[in-house]
Amino acid sequence: MEKFAVFKIGKEDFGVHIGRVVEILKSQKIYSLPELPDFISGVIDVRGEVIPLLDLRKRFGAQAETRKCRIIIVRYEDEKIGLLVDEIDKIMQFDPEEISPSPAMFKGLRTEYLTGLGKKEGRLVILLNIERLLTSEERIVLKESTGLIEEEDAGTGKSA
Amino acid sequence: MMEKIKIKNTLVTNFTAMILLILVVGQGILYAWLMLYQKSYLKERLSAEVTATAEHIRNAAVTMGHDPKQLDMFLETLVKSGSILAVKITDASGNVLAARAVQYKEEGPGLNPFFMFFVPDVNSMKLPMETAKKETGSLEVVYSGQSVNEVMRRFLVIPPFMQVVTFLIIIYSIIKFFQKKVGKPVKRINAALARATGGDLTVEISEFKDDEFGSIANGFKFLIDRLASTLNKMKSMSENVSMAINQLTLTFRNVNQGIQKQTESGNNVMTSVKRANDSHKQITEDVGKLIDFSNENVTSLLEMKATADEIALSTGRLFKATEDAYSVVAQMSQTSKVIAENAEEASKAVEDTSSSVEEINASVKEVEVNAKEAARLASDTRAILGGQCIDAVSDAINSMDTLMSEVKKSSETVSRLSGRSDDIEKMLKVIKDVTEQTNLLSLNAAILAAQAGEYGKSFSVVADEIRGLSDRTAASTKEISNIIKTIQSEIADAVKAINSSMNIATESNTLVFKSGEDMARALEVAQKSASMAEAIKRATEEQANGLKQIVVSVENIRKMIEHTAQATQEQQKGTAHLLEGVSDVKDAADIVKHGAEEEAAGIKAVSKNLELADERIKQIGDATSGYQKLNDSIAAAMEQMRGIGMTAVKDVEEVSVSLTTLFNEIELLKKEMAAFKVKSAK
């Protein structure tokens, strides 16, 4: 029995394993820094902690709705990363037999992003593999840039 | 709500029960086996003992067989001494040689639950008696199993009792240990959760070691604090809303009162208008009567005119007769007979004249009475118009002004009301934000609970409660928003109704003013007609005076004629004297003619005046009927206005009902939130 936090991007339901989730936040002020790579849409300040933000709507080709947005903070390797989504729905439980392996291609998404498809209550939830959300190249760039942010943060801290 | 964990479900109880079961079953089996072994051992020993004793008896029987007394004594001591109950010695042919027995009870068929651990109470043994390899009889021994059973009974009672005591000591120490290490912290966390789920968010958890329970306690504390702050915010918000609703209700009550006052003013105006109408009806009646009277006047006048004509004719004839008399007197010397005849004729004519004049006098008196009545009626009309009617109209104007100001006031109140409901909409937006925050909080709580695994189960109950609360709040907020929208549209309706009633009030106001003007005009006409009637009265009086003169003149004539008659009779007295008398007659006739002419002129003037008065009276009648029409239209307008007022009242009452629903909704929400006891806001 696995629990997933289910959220919406456009009309699709996505799930992320609950063990991964740190916290759910409402929309916050997003700081954009010039050194950030393209796939990071900015950073947010969560109780003094600077967390890079990955806009999943952009990544999955959905049109970014500015009307309503939520942020899920997840653990990514040793870091925390924020995912920008439309709406958090609820926590759902899936029995192993309710999770089917992902097909080669699903709704234009490369299946390396997915761990499977959860089917329950007539809904189809795309279960995301957080580890594979970024390419290895992007992973390196992200590490560098987060290092940069921390340095900068430390620098401003000293000056203040 | 979380229930208190039952003792039979606790971990400690389960664990202890399991150990107890294992100990009891294992020990029971072991002990039963031991007992069985012991029984068989004791039984064997007893039967061996009895066999040895029987052997001894047999030997004794053989040696003492010749001395039965000694044998009997031996058997007696044997039976009395031990477990041997009876001994019987028989010879080969079955005759009893010797027998001894104590009283014993044959065992009944009763069922002993521990029968397997006991031997029967009565056992028997039979041994053959041999003398030189030859069977000479048999020996039968009955012995008791009492001694074995006594030992077994002791073993069945004392060791199990000791065992039970030992178990109890072990269980007590296990329970103590668990209570100290696990039970206490779990109990405390459970108690805190029970209070939290029961709605008391002031609960504190502290003094935990840095173990698993400590981390659970910290997580719980964090969640409770967040929930408490959110609830505090929501509470103050709902209090604001309920305050605003109270104010709204108050404002609506004011509007209602204003509208009721407006309706009252409308009713006042209506009664005033009705009063004016009644006065008008009386005026119309009076004017009708006046018209009747003036018609009567006209007919009287016509009669009078005819009489006057007759008078004129008579006067003419008189004049001619006088002239004739004069010429006849001139020829008097001819014959006195003719003169006498003529004088008689003259006297007759004068009598005719006198009666005619009396007739005229009567007619003129009638005219006078009628003219007086007309004058009185005209002045009455004037008084009515000047007094009652003008008062009624000014009353109506005053009521109209009050009405207008009331309508304006209620219009202002409704506008204020509209502003208030905008405020409520702002507050609703804030509540919506708080609800979203609560929803988020419940999601985070659910995630924390899920990550805590088994320990987080109670936690997830709290999270679900919060989520339910936020969902309910969202639904309530939506409902309130709908109600506010309805209220706003109803307020717009009320504003429309009030505006249209204001328009009608303005219209009525102008109508009332116009009716006031008409009333003033009617008053003017009535005054004119009153002065006319006065003039008629005066003319009639003059006429009466003229007639009196005529009567005097006619009397004079009669006297003269009598005189003439006397003169005729005294013909002889001389013609000159006669002639003088006749010329006197002629003068008198002149006077009569003059009087008749004057009378005719007077009658003509009266007639003209009466016609004029008639015309004026008809004008008054027309004006009055026009005024009545106006009054009727005012009454209709007032009725319409009252209908609109009623609609406004109904609208306001509907709004009032919606407000009450809204208020109840908020109260419900408040009550639900009151179920959560929260620390005062930080």
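Read on for a plain summary of the structure. (Residues numbered from 1 in each chain as written. Chains lettered and ligands numbered in written order. Predicted model: local features only at pLDDT ≥ 70, side-chain atom pairs only at ≥ 80, totals over all residues. Heavy atoms only, no water.)

1. Some details on the overall build of chain B
Phase 1: If you tally the helices and strands in chain B, you get 7 helices and 4 strands.
Phase 2: Taken from the N to the C terminus, the helices and strands of chain B come in the order α-α-β-β-β-β-α-α-α-α-α.
Phase 3: For chain B, buried positions account for 40% of its 682 residues.
Phase 4: Counted over contacts in chain B with a minimum sequence separation of 6, partners at least 24 positions apart contribute 83%.
Phase 5: Just so you have it, chain B exposes about 39000 Å², and 56% of that area is on carbon and sulfur atoms. (Helix = DSSP H or I, 4+ residues; strand = E, 2+ residues; numbered from the N terminus. Buried < 20%, exposed > 50% of the residue type's maximum accessible area, 1.4 Å probe, protein only. Contact = heavy atoms within 4.5 Å. Areas by Shrake-Rupley, 256 points an atom, 1.4 Å probe, with all protein chains shown as cover.)

2. Here we look at the overall build of chain A
Phase 1: The number of helices and strands found in chain A is 2 helices and 13 strands.
Phase 2: Counting only residues that meet the buried cut, chain A has 41% of its 160 residues in that class.
Phase 3: Accessible surface, chain A: about 8500 Å² in total, of which carbon and sulfur atoms supply 49%.

3. Observations regarding the packing of helix α1 (residues 11-64) of chain B against helix α2 (residues 68-81) of chain B
Residue and element names in this part refer to chain B.
Phase 1: The interhelical angle for the contact between α1 and α2, taken along N-to-C directions, is 165°, at an axis separation of 9 Å. Considering their axes alone, α1 and α2 lie roughly antiparallel with respect to each other. The two elements α1 and α2 cross, and the hand of that crossing is right-handed. Seen from α1, the contacting residues are Thr 53, His 56, Ile 57, Ala 60, Ala 61 and Met 64; seen from α2, they are Pro 68, Gln 70, Leu 71, Phe 74, Leu 75 and Leu 78. (Axes fitted to C-alpha atoms, helices over the stretch in contact; angles between N-to-C directions. Parallel < 35°, antiparallel > 145°, perpendicular 65-115°, else oblique. Left-handed = near helix turned anticlockwise from the far one by under 90°.)

4. Description of the interface of chain A and chain B
A common measure of how large an interface is: the accessible area buried when the components associate.
Phase 1: Taken together, the contacts link 13 residues of chain A with 10 residues of chain B.
Phase 2: Roughly 1100 Å² of surface becomes buried between chain A and chain B when both sides are summed, with 59% attributable to carbon and sulfur atoms.
Phase 3: Applying the counting criterion to the chain A and chain B interface returns 1 salt bridge.
Phase 4: The salt bridge partner of Glu 436 of chain B is Arg 70 of chain A, with a shortest N-O separation of 3.6 Å.
Phase 5: Where chain A packs against chain B, one counts 5 residue pairs in polar contact (both at pLDDT 80 or more).
Phase 6: For the side of chain A that touches chain B, the secondary-structure elements that each account for two or more residues are β3 (21-26) and β8 (87-94) of chain A. (Buried area = accessible area lost by both parts, 1.4 Å probe. Salt bridge = Lys/Arg side-chain N within 4 Å of Asp/Glu carboxyl O. Polar contact = N/O pair within 3.5 Å; in protein donor to acceptor, adjacent residues only side chain to side chain.)

5. Digging into the pattern of salt bridges
Residue and element names in this part refer to chain A.
Phase 1: For the structure on display, the rule yields 16 salt bridges over all chains.
Phase 2: We note a salt bridge from Arg 57 to Asp 55, for which the minimum N-O separation is 3.6 Å.
Phase 3: One network of salt bridges, in which partners are shared, links Lys 8, Asp 13, Asp 89 and Arg 123.

6. Points about the environment of Ile 99 of chain A
Residue and element names in this part refer to chain A.
Phase 1: When you line up the elements, Ile 99 lands in strand β9 (residues 99-100).
Phase 2: Given a relative accessible area of 24%, Ile 99 falls into the partly exposed group.
Phase 3: Taking the C-alpha atoms as reference points, Ile 99 and Gly 116, 17 residues apart in sequence, are found 6.2 Å from one another.
Phase 4: Setting aside its immediate chain neighbours within four residues, Ile 99 contacts Phe 4, Phe 94, Gly 116, Leu 117, Gly 118 and Leu 127.

7. Thoughts on the sheet that holds β9 of chain A
Residue and element names in this part refer to chain A.
Phase 1: Taken in spatial order, the 6 strands of this open sheet run β8-β1-β2-β13-β12-β9, and their pairing is mixed. Each having just a single partner strand, β8 and β9 make up the two edges of the open sheet.
Phase 2: The sheet contact formed by strand β2 (residues 12-17) and strand β13 (residues 123-128) spans 3 bridges and is parallel. Across the sheet, the residue bridging to Asp 13 is Val 125, located in β13. (Pairing = 2+ DSSP bridges.)

8. What to know about the packing of aromatic side chains
Each aromatic ring pair is summarised here by two numbers: the centre-to-centre distance and the angle between the ring planes.
Residues and elements named next belong to chain A.
Phase 1: Throughout the structure, instances matching the rule amount to 4 aromatic pairs over all chains.
Phase 2: Ring plane angle 15° and centroid distance 6.0 Å describe the contact between Phe 7 and Phe 14, whose orientation is recorded as stacked. When sorted by exposure, Phe 7 lands in the same class as Phe 14, which is buried. (Phe/Tyr/Trp six-rings, centres within 6.5 Å; stacked < 30°, edge-to-face > 60°.)

9. Focus on the environment of Phe 167 of chain B
Residue and element names in this part refer to chain B.
Phase 1: Its location among the elements puts Phe 167 in helix α3 (residues 146-197).
Phase 2: Taking relative accessible area as the criterion, Phe 167 reaches 11% and is therefore assigned buried.
Phase 3: When the C-alpha atoms of Phe 167 and Ile 19 are compared, they prove to be 9.7 Å apart, with 148 residues separating the residues in sequence.
Phase 4: Non-local contacts of Phe 167, meaning those with residues more than four positions away in its chain, are made with Leu 20, Leu 23, Val 24 and Gln 27.

10. Overview of a negative patch on the surface
Residue and element names in this part refer to chain B.
Phase 1: A cluster of acidic side chains, namely Asp 292, Glu 296, Glu 303 and Glu 366, defines a negative patch on the protein surface.
Phase 2: Looking at the negative patch element by element, the count peaks at 3 residues for helix α4 (residues 212-330).
Phase 3: The class of Asp 292 is partly exposed, set by a relative accessible area of 48%. (Patch = residues over 30% accessible without salt bridge, like charges linked within 9 Å, V, L, I, M, F, W, Y side chains within 5 Å. Lys, Arg positive; Asp, Glu negative; His and termini not counted. Charge placed at Lys NZ, Arg CZ, Asp CG, Glu CD.)

11. Overview of unusual backbone geometry
Peptide bonds are mostly trans, and most non-glycine residues show a negative phi.
Phase 1: Look at Arg 47 of chain A: it is not a glycine, yet its phi comes out positive at around 45°.
Phase 2: For Arg 47 of chain A, the location among the structural elements is in the loop between β4 (40-46) and β5 (49-55).

12. Examining α2 of chain B
In an α-helix, one turn spans 3.6 residues; hence positions three or four apart end up facing the same way.
Residue and element names in this part refer to chain B.
Phase 1: Between its first and last C-alpha atoms α2 spans 20 Å; for 14 residues at 1.5 Å apiece the expected length is 20 Å, and the two agree.
Phase 2: Those residues of α2 that fall on the buried side of the exposure criterion are Leu 71, Phe 74, Leu 75, Leu 78 and Val 79. For α2, the angular spread of the buried residues around the axis is 130°, confining them to a single face. Away from its buried face by more than 90 degrees, α2 exposes Lys 69, Met 73, Lys 80 and Ser 81.
Phase 3: Where α2 is buried, its residues contact α1, β1 (84-91) and β2 (96-101). (Expected span 1.5 Å × (residues − 1). Arc of directions from axis to C-beta.)

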